[in-house]
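Spelled out from the first residue to the last, the chains are:
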Amino acid sequence: PPHPFLIANSLMSGSYVSGQTALAYYGLIPEYVPRTLSVTTLRPSKWEGGFHFQHLAPHLFFGYQSVDLPEGQSAFVAMPEKALLDLAHFTPNSDTSNYLSQLRLQNLNRLNLNRLDEFATRAGKPKWKRVAQQIVLLAGQEKTDYEDLP
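Reference entry: report on the structure contained in this document.

Criteria and thresholds
Residues numbered from 1 in each chain as written. Predicted model: local features only at pLDDT ≥ 70, side-chain atom pairs only at ≥ 80, totals over all residues. Heavy atoms only, no water. Helix = DSSP H or I, 4+ residues; strand = E, 2+ residues; numbered from the N terminus. Contact = heavy atoms within 4.5 Å. Areas by Shrake-Rupley, 256 points an atom, 1.4 Å probe, with all protein chains shown as cover. Lys, Arg positive; Asp, Glu negative; His and termini not counted. Charge placed at Lys NZ, Arg CZ, Asp CG, Glu CD. Phe/Tyr/Trp six-rings, centres within 6.5 Å; stacked < 30°, edge-to-face > 60°. Buried < 20%, exposed > 50% of the residue type's maximum accessible area, 1.4 Å probe, protein only. 1 Å grid on protein atoms, 1.4 Å probe; cavity = no way out; pocket = protein on both sides within 12 Å on 5 of 7 lines; lining within 4 Å. Points joined across faces, edges and corners; volume = space filled by probe spheres on them. Salt bridge = Lys/Arg side-chain N within 4 Å of Asp/Glu carboxyl O. Core = buried A, V, L, I, M, F, W, Y, C linked by side-chain atoms within 4.5 Å. Polar contact = N/O pair within 3.5 Å; in protein donor to acceptor, adjacent residues only side chain to side chain. Axes fitted to C-alpha atoms, helices over the stretch in contact; angles between N-to-C directions. Parallel < 35°, antiparallel > 145°, perpendicular 65-115°, else oblique. Left-handed = near helix turned anticlockwise from the far one by under 90°. Nonpolar A, V, L, I, M, F, W, Y, C, P; charged D, E, K, R; others polar.

Some points on the overall build of the protein
Broken down by element type, the protein carries six helices and six strands. Ordered by position from N to C terminus, the α and β elements of the protein give α-β-α-β-β-β-β-β-α-α-α-α. Dimensions of the protein along its principal axes, counting C-alpha atoms only, are 40 × 40 × 25 Å. Contacts in the protein between residues far apart in sequence, at least 24 positions, make up 62% of those at least 6 positions apart. Summed over its atoms, the accessible surface of the protein is roughly 8500 Å², and 52% of this surface lies on carbon and sulfur atoms. With 13 positive and 13 negative side-chain charges, the protein shows a separation of 10 Å between the mean positions of the two kinds.

Following this line, the structure appears as structure tokens:
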């Protein structure tokens, strides 16, 4: 059967999977996300089966890649750093440490913090810069809270 990410990419060409859906895919949040959130430069829409598309301005439409899925399938998915920034973009007050701690982010060592900063700078959005700074702090905290196992 087609993977939900592939279906999402097919429902609206020129879109990529992002937000909490992509964060769960990369193991950065512990929750299962029942709907597939994507971003597009087209009009926002919702489709049957839990497919949601949110509008993103063309200059913010970057930071995604083709990922390999089961059964030889592939789909466009935000890089983990961009998935975080996209989620923050669509969520009010998401640039607070309180919001970010409620996300229960994990495995932050999987993030490329330089890329996160580059994406935030490229967007030219102060909110994105604040989110990136908060995530750098959380990543440092996670590193000291958990010793790496041998």
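What follows picks up the thread again.
As for the packing of aromatic side chains
This structure, assessed with the given rule, holds seven aromatic pairs. Centre to centre, the rings of tyrosine 16 and phenylalanine 61 are 4.9 Å apart; their planes meet at 55 degrees, and the pair counts as tilted. Of this pair, tyrosine 16 sits in strand 1 (residues 15-17) while phenylalanine 61 sits in the loop between strand 4 (51-55) and strand 5 (64-69), and the two are 45 residues apart along the sequence. Of the residues examined, phenylalanine 61 reaches a relative accessible area of 19% and is grouped as buried.

Some points on the layout of surface pockets
Looking at the second largest pocket, its volume works out to about 200 Å³. Lining of the second largest pocket is provided by 14 residues; of these, Phe5, Thr21, Tyr32, Val33 and Thr36 occupy positions nearest its centre. Elements with a minimum of two residues in the lining of the second largest pocket: helix 1 (4-11) and helix 2 (19-25).

Here we look at the side chain of threonine 36
Relative to the helices and strands, threonine 36 is located in strand 2 (residues 36-40). Those residues in contact with threonine 36, other than ones at most four positions away along the chain, are Pro4, Phe5, Ala8, Val17, Thr21, Gly50, Phe51 and His52.

Points about the pattern of salt bridges
In total, this model carries five salt bridges according to the counting rule given. For the salt bridge of arginine 115 with glutamate 81, the shortest nitrogen-to-oxygen distance reads 3.2 Å. One end of the pair, arginine 115, is in helix 5 (residues 113-123); the other, glutamate 81, is in helix 3 (residues 80-90), and 34 residues separate them in sequence.

Considering the nonpolar core
In a soluble, globular protein the nonpolar side chains are often hidden away together inside. In terms of nonpolar packing, the biggest core is built from 43 residues, with Leu23, Val77, Leu84, Leu85, Leu103, Trp128 and Ile135 touching the most fellow members. Apart from the residues lying within four places of it in its own chain, the contact partners of leucine 84 are Leu23, Leu103, Leu105, Leu111 and Ile135.

Re the environment of isoleucine 7
Inspection of the secondary structure puts isoleucine 7 in helix 1. Each C-alpha atom of the pair isoleucine 7 and isoleucine 29 lies 23 Å from the other, and the pair is 22 residues apart in sequence. Residues in contact with isoleucine 7, not counting those within four places in the same chain, are Pro2 and Phe51.

Some thoughts on the side chain of glutamate 81
You can call glutamate 81 buried: its relative accessible area is 1%. Within polar-contact distance, the side chain of glutamate 81 engages the side chain of arginine 115 at 3.2 Å. Setting aside chain neighbours within four positions, we find glutamate 81 in contact with Arg110, Leu111, Asn112, Arg115, Leu116 and Phe119.

Focus on helix 3
Among the 11 residues that make up helix 3, nine are buried, leaving the element largely enclosed by the rest of the structure. All of the buried residues along helix 3 are Pro80, Glu81, Lys82, Ala83, Leu84, Leu85, Asp86, Leu87 and Ala88.

Things to note about the packing of helix 5 against helix 6 (residues 126-145)
Between helix 5 and helix 6, the shortest axis-to-axis distance is 8 Å and the interhelical angle comes to 165 degrees. By the angle class used here, helix 5 and helix 6 are roughly antiparallel. Between helix 5 and helix 6 the crossing geometry is left-handed. Residue-level inspection shows Leu113, Leu116, Asp117, Phe119, Ala120, Thr121 and Ala123 of helix 5 in contact with helix 6, the latter providing Trp128, Lys129, Ala132, Ile135, Val136 and Ala139. Looking at side-chain class alone, the contact of helix 5 with helix 6 contains 10 nonpolar, one polar and two charged residues.

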